[in-house]
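Analysis of the macromolecular model
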Amino acid sequence: MKLSVTTWNINSVRLRSDQVRQFLENERPDILCLQETKCPDDKFPFKELKSFGYPFITNVGQKGYNGVAILSKYPFSSTQVMSMCERMDARHIAITLAPEAKQAAGITIHNFYVPAGGDIPDAVLNPKFAHKLQFLAEMRAWGERNRKLGAPGILVGDLNIAPLEHDVWSHKKLLDVVSHTPLETETLETLRQEAGWVDGMRHLRPEPEKIYSWWSYRSPDWAAADKGRRLDHIWLTEDLAPVLKSMHVTKETRGWERPSDHAPVTAILEL
DNA sequence: ATGGTTGGAATCCAA
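Within each chain, residue numbers correspond to sequence positions counted from 1 in written order. Starting at A for chains and at 1 for ligands, labels are handed out in the order in which the entities are written. Note on the predicted model: pLDDT of at least 70 is required for a residue's local features to be given, and 80 or more for side-chain atom pairs to be given and counted; whole-chain, interface and lining totals, by contrast, use all residues. In computing side-chain values, all of the structure's heavy atoms are included and hydrogens and water are not.

What makes two strands pair is DSSP finding at least two bridges between them. Helical segments are the DSSP runs of H or I of at least four residues, strand segments are the runs of E of at least two, and each set is numbered from the N terminus. Strand order in the open sheet formed by 6 strands is β3-β4-β2-β1-β14-β13, and the pairing between neighbours is mixed. Every interior strand has two partners, whereas the edge strands, β3 (56-60) and β13 (244-249), have only one. Neighbour-to-neighbour, the strand axes of the sheet open up by a mean angle of 10°, direction not taken into account. Alignment of strand β1 (residues 2-9) against strand β14 (residues 265-270), held across 6 bridges, turns out to be antiparallel. Bridge pairing in β14 places Val5 opposite Ala267. Strands β1, β2 (31-35), β4 (68-72), β13 and β14 of the sheet are contacted by helix α1 (residues 17-27), whose axis makes an angle of about 155° with β1. The axes used here are C-alpha line fits, helices contributing only the stretch in contact, and every angle between their N-to-C directions lies in the interval 0 to 180 degrees. Residue contacts are counted whenever heavy atoms from the two residues lie within 4.5 Å of one another.

What follows is the structure, encoded as structure tokens:
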């Protein structure tokens, strides 16, 4: 069987629920992980999203900021929410697929939304950058514990870091820009490798191919300028790497009217 | 060197 998983920072699920519908109609992934839903739990559009053919939904939200959700065609046997940095921030949610998901049963899918980190890449001058580093430190500690469980897993999300040289439009120009500083990129690569995750996109499409999933709203002609960054990731435990068949970015959505600044990233596995 | 845009909530903050 095929299992397809998409991650998409939607930047307001209520404003863009019709774009979610259009994307799901076009691609029909089995699982859709959303970040930045920006929606308190009592206003989350469960019914509407279910009507798109995804009867199993889990969500953790908050008013105005953050928020993560997972839509699934298959039932899950458990859900999990981690509180990071001792805050109530809704930045993680996970599911484990139930027996009805057949060969995919038992796979856990973690959906993360890493803090953006503000503008100044200095933890002393900028508390938001300090928060990002603390979040990464907690992800590292969690990743090591998680690896010892030895369970098959997929980690997706807006990690707000473009780790490799060809994950940004200009490596040199972005070395001092939050999301591509050596401190961030090295920290992310180290925690990924320590926890045994394979970067799905680069596993199939190694450098020097340029791959982006985000284009700033501030660029007047984002498509022509193409000053993108690969901030959205799908990582797999090593046992799942051999069954990863394809990875793609749906750049089309970035050209839709009133788009999210992030495009969906999808992995297709053959289990 | 600077400012550029967006969403949500409240007249600014986070991205």
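Just to be clear on terms, a salt bridge is a Lys or Arg side-chain nitrogen sitting within 4 Å of an Asp or Glu carboxyl oxygen. The final tally for this structure, using the stated rule, is 15 salt bridges. In this structure, Lys2 and Glu270 form a salt bridge, with 3.3 Å as the shortest nitrogen-oxygen distance. Here Lys2, found in strand β1, pairs with Glu270, found in strand β14; they are 268 residues apart in sequence, far enough to count as distant. In this structure Lys2 comes out as exposed when scored by relative accessible area, which is 54%. Partly exposed residues are those whose accessible area sits between 20% and 50% of the maximum for their type, while under 20% is buried and over 50% is exposed, using a 1.4 Å probe and protein chains only.

Now for the UniProt feature "domain: Endonuclease/exonuclease/phosphatase" (unreviewed entry) in chain A. UniProt positions are given in the numbering used here, feature names are shortened, and annotations may be inferred rather than shown by experiment. Residues annotated in UniProt with the feature "domain: Endonuclease/exonuclease/phosphatase" (unreviewed entry) correspond here to residues 7-262. Across residues 7-262, the secondary structure splits into 24% helix and 23% strand, with the terminal C-alpha atoms separated by 10 Å.

On to the environment of Ala263, then. Considering the arrangement of structural elements, one finds Ala263 in the loop between β13 and β14. By relative accessible area, which is 0% here, Ala263 ends up buried. A C-alpha to C-alpha distance of 6.2 Å links Ala263 and Trp214, two positions 49 residues apart in sequence. Those residues within four positions of Ala263 in sequence are excluded, and the remaining contacts are Thr7, Trp8, Ser213, Trp215, Val249, Thr250, Lys251 and Thr253.

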